[in-house]
Structures are given as structure tokens and as C-alpha cells.
Amino acid sequence: MTVFVSDRFNSVTDLKMPFLSAAFDPLEVQQRFTQYLPIFQNAQLQKIEVIRHKPGRRCLIEYELLNNHGQTITLIGKIRAKGTDFNSYELQKSLWQKGFADDSADGISVPQPVGIIPEWQMWLQRKVQGAIATQFLTQTNTIFLAKLIAEVAHKLHQTNIPPRRSHTMSDELRILNERIPLVIQQYPELKKRLEQILAASNHLGENTPELKNCGIHRDFYPDQVIINGSRLYLIDLDLYCEGNPAIDIGNFIGHIKEYSLRILGNSEALSDWETALTERFLQLTSDKFNTAIQSYVTLTLVRHIHISTQFLERRPFTEALLNLCEQRLHIAVLNHL
């Protein structure tokens, strides 16, 4: 039997993860699956493909199997260079057992975690079919999805699975105070404007009410929700922590505004989505969260100023992001000199 193997990132050369060559070897893979994933021991390996690789940090491998019934099963192996991410595996397992399984009545799930291969610092989950929410943002008649996504966030916030770390407004501001100076180094002509944005961001953050803390996703944006018919899957919970639930909604809307600005040329082009998402979340929680949500939208956009400088295709939008942030922070710009 021939197994198709694809490593377009040449991940085997990553010195921080020397075991990757074994994770791409069909015989080794079959042996490890038999040892650690007995539920798949009779399935035939068809394909091994690296789908993401951050050198020295992470690697994502897709394994395609064919079971005895002729069905294709795809597993995603998540590898971390600094050691197996047991916490993320256990979190996903807990979520699966606490109402996020494939058959949950509310249609909100996480991918099924299936096991750990310790020698490869890898944990595995089933790949779910569907399309990321980003692909629905510009389609007509999809506003109902915004309301469902608010319910996804709220369901996560209600699970009461104890987080192992926290993320506060101080952490949010620390990130901005680390990243914006990097943009100033790259674009010294924007120094005055960026310093004003940073000062106003600090002021906004320090005056934002912190009403409640719970387990939050912390990296919640449209790529993290997969839509499969009437079922929504929440993915990539690696940053799960204790924090203000407004962070998730504000981050999601900030990403929508940035996407709207970059793809549609207008940060308000998807405001119907933003309104539906916010209103549904406030219905489920309290209107008191609205102020914090709007603050986190703004701080997410400020963070995107730095992100825009890291990708060649996004650099043309750095100026537009500055304008948007100045507008939201009520910075009166008389001149940009």
C-alpha cells in the first residue's frame, strides 16, 4: 500500500522537533496509532500531510485513514516544540464531555480529541468538515450566524472549566506597549501618531470596567468557528484562560472590522454582523458588558496596526488602521507631521 506524504514546509529540517521525521514515516505512524489510538488500529493510512509549520514552535499534521467500512477519517496531530500540550488536550476532552460533543442538542461542538503520542509531543483530534465563519461574512442572509456565534462564546463562558492562567486588561495593554514601539521603529515618520494612539489606548484600558471573569477563548475570531450545516464547531482553544468575557466578543468584532476595511474598503461594511453578534451576546448576559466590548474592539484594532506591518499584503492598510483607531479613540489629528 502506498501512502501519500507531503511536507511542503520541509519540516523535517526543524532541529527543535527532531522527531518529525518519524511522524511522517508511514510505518512509524501505523505503529504509534496502534499503540496509542487503538480505536483506529484497523484503519489503513492513506495520506500524511503537513498543513502548518511554525519553525521551532509548532507543527500541524493531517493523517487520512480509511476504515473497514470504506469511510475516510481525518485526524489532525498538533505538535508543540516545547512539549506536549496536555492542557489543551484535557480542556478539549472536558468540553467534549460537558456538552460540546458532535450530538449536542444546541448544535455547538468542539472537534473530538482522540489521544496523545508522547514521543512526538503530539495530541490528536478528528478533523471536522465545513467552512470557517470568515467565508460567510460577505454572503447575503448570514446575519443569523452572528447570533449563533454569540451563543458559541456564551456557552464556552458558562462551562466553568477552571483555567490554568489568566488574561487581564493589564496584559492586553502590555502587549500594545510592546508592539506599538516596534511599529515606530519600522515607521519613524508615524511616531507622533502612534504615541498618541498608545497613550489613548492606555487611558481607555485603565477606565474600562471589569465586571466578571470566567473561562474565555482569548483568540476568538471568525477563523476559529467552523460551520457545518446547522452545527458550529469552536476550534483552537490553546489560549483558553480566565478573563473578561467581553474580550472574546470585542476581539471577534475587531477582526471583522479589520477584515471589512482590508477586503471591502470600509470598516463599517459588516456592521450588521457586528450589531447582531453584540445584541445577542448582551441578551444572553447583560447590557453592562457593552462598554467593555467596545473598548476591546478598539484595542484589538490597535493591535492590528502591528499585525499589518508583519505581512506584505497587509502593509497598504496600516495607514487606514491608524485613521480608524484615531477615530475610535477620539484623537483629533490636525496634521500627521
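Here the structure is shown first, and the text comes after it.
How each quantity is defined
Residues numbered from 1 in each chain as written. Predicted model: local features only at pLDDT ≥ 70, side-chain atom pairs only at ≥ 80, totals over all residues. Heavy atoms only, no water. Helix = DSSP H or I, 4+ residues; strand = E, 2+ residues; numbered from the N terminus. Buried < 20%, exposed > 50% of the residue type's maximum accessible area, 1.4 Å probe, protein only. Polar contact = N/O pair within 3.5 Å; in protein donor to acceptor, adjacent residues only side chain to side chain. Contact = heavy atoms within 4.5 Å. Pairing = 2+ DSSP bridges. Axes fitted to C-alpha atoms, helices over the stretch in contact; angles between N-to-C directions. Parallel < 35°, antiparallel > 145°, perpendicular 65-115°, else oblique. Left-handed = near helix turned anticlockwise from the far one by under 90°. Nonpolar A, V, L, I, M, F, W, Y, C, P; charged D, E, K, R; others polar. Phe/Tyr/Trp six-rings, centres within 6.5 Å; stacked < 30°, edge-to-face > 60°. Lys NZ or Arg CZ within 6 Å of the ring centre and 35° of its normal. Core = buried A, V, L, I, M, F, W, Y, C linked by side-chain atoms within 4.5 Å. 1 Å grid on protein atoms, 1.4 Å probe; cavity = no way out; pocket = protein on both sides within 12 Å on 5 of 7 lines; lining within 4 Å. Points joined across faces, edges and corners; volume = space filled by probe spheres on them.

By the element assignment, Ser260 lies in helix H7 (residues 246-264). By relative accessible area, Ser260 is classed as buried at 0%. Within the local environment of Ser260, its side chain forms a polar contact with the backbone oxygen of Asn266, the two atoms lying 2.5 Å apart. With sequence-adjacent residues up to four places away left out, Ser260 is seen in contact with Gly265, Asn266, Ser267, Glu268, Ala269 and Leu270.

A separate point is the environment of Gly83. Within the element layout of this structure, Gly83 appears in the loop between strand S4 (72-80) and helix H3 (86-97). Take Gly83: its relative accessible area is 15%, and that puts it in the buried class. Taking the C-alpha atoms as reference points, Gly83 and Asn323, separated by 240 residues in sequence, lie 42 Å from one another.

The next point concerns the sheet that holds strand S2 (residues 44-54). Pairing is mixed in the open sheet, where six strands are placed in the order S1-S2-S3-S4-S7-S6. Edge positions in the sheet fall to strand S1 (4-6) and strand S6 (113-117), since each of these pairs with one other strand and no more. Direction aside, the axes of adjacent strands within the sheet are offset by 20° on average. The pairing of S6 with strand S7 (residues 122-126) spans four bridges and is antiparallel. Among the inter-strand pairings, Ile117 is bridged to a residue of S7, identified as Met122.

Next up on the list: the packing of helix H9 (residues 290-309) against helix H10 (residues 318-328). In contact at an axis separation of 9 Å, H9 and H10 are set at 160° when each is read in the N-to-C sense. Comparing the axis directions of H9 and H10 gives the class roughly antiparallel. In this structure, H9 crosses over H10, and the sense of that crossing is left-handed. For the pair H9 and H10, the contacting residues are Gln294, Val297, Thr298, Leu301, Val302, His304, Ile305, Ser308 and Thr309 in the first and Thr318, Leu321, Leu322, Leu324, Cys325 and Arg328 in the second. Here the contact of H9 with H10 is built from residues that sort into eight nonpolar, six polar and one charged.

What follows deals with the packing of aromatic side chains. Across all of its chains, the model carries four aromatic pairs by this definition. Relative to Phe289, the ring of Phe281 lies with its centre 6.2 Å away and its plane at 65°, an arrangement referred to as edge-to-face. Given a relative accessible area of 0%, Phe281 falls into the buried group. Of note, Lys155 hangs over the ring of Phe100, and the distance from its end group to the ring centre comes to 4.2 Å. The aromatic ring of Phe311 is capped on one face by Arg314, whose charged end is 5.3 Å from the ring centroid.

Looking at where Glu49 falls in the secondary structure, it is placed in strand S2. With relative accessibility at 17%, the residue Glu49 sits in the buried group. The residues touching Glu49, leaving out its near neighbours within four places in the chain, are Ser6, Arg8, Leu60, Ile61 and Glu62.

Among the nonpolar cores identified, the biggest contains 70 residues, and Ile149, Ile293 and Ile305 are the most heavily contacted of them. Beyond its immediate chain neighbours, meaning those up to four positions away, Ile305 contacts Ile180, Val183, Leu194, Ile197, Thr318, Leu321, Leu322 and Cys325. In this structure, Val50, Cys59, Ala81 and Trp120 belong to the second largest nonpolar core, which totals 28 residues.

Take the sheet that holds strand S13 (residues 241-243) next. Spatial strand order, S9-S13-S10: three strands in an open sheet with mixed pairing. Each end of this open sheet is capped by a strand with a single partner; those strands are strand S9 (166-167) and strand S10 (214-216). Looking at chain direction, S10 and S13 are connected through three bridges and run antiparallel. The residue of S13 that forms the bridge with Cys214 is Gly243.

All right, on to the environment of Lys54 then. Positionally, Lys54 belongs in strand S2. The class of Lys54 is partly exposed, set by a relative accessible area of 41%. As for Lys54 and Ser11, which are separated by 43 residues in sequence, their C-alpha atoms are 8.9 Å apart. Sequence-distant contacts of Lys54, that is, excluding residues within four places in its chain, are made with Asp14 and Met17.

Moving on, we come to the pairing of strand S11 (residues 225-228). Taken together, the two bridges between strand S8 (residues 131-132) and S11 define a ladder with antiparallel strand orientation. Its bridge partner being in S11, Ala131 is matched across the sheet by Ile227. The turn linking S11 back onto strand S12 (residues 231-234) is made up of two residues, and Gly229 within it adopts a positive phi angle of 65°.

Moving on: empty space enclosed by the protein. Counted by the stated rule, this structure contains one cavity of 30 Å³ or more. By volume, the largest cavity amounts to about 40 Å³. Surrounding the largest cavity, Arg58, Lys78, Ile79, Arg80, Asp85, Trp123 and Asp238 form its lining. For the lining of the largest cavity, the residue count by class is two nonpolar, no polar and five charged.

The next point concerns the packing of helix H4 (residues 143-157) against helix H8 (residues 271-284). When two helices pack together, you describe them by how their axes are tilted relative to each other and by the distance separating the axes. Contact geometry for H4 and H8: axes closest at 8 Å, N-to-C directions at 40°. In terms of orientation, H4 and H8 fall into the oblique class. Our pair here, H4 against H8, has a crossing hand that is right-handed. Together, Ile143, Leu145, Ala146, Lys147, Ile149, Ala150, Glu151, His154 and His157 of H4 and Asp272, Trp273, Ala276, Leu277, Arg280, Phe281 and Leu284 of H8 make up the contact between the two elements.

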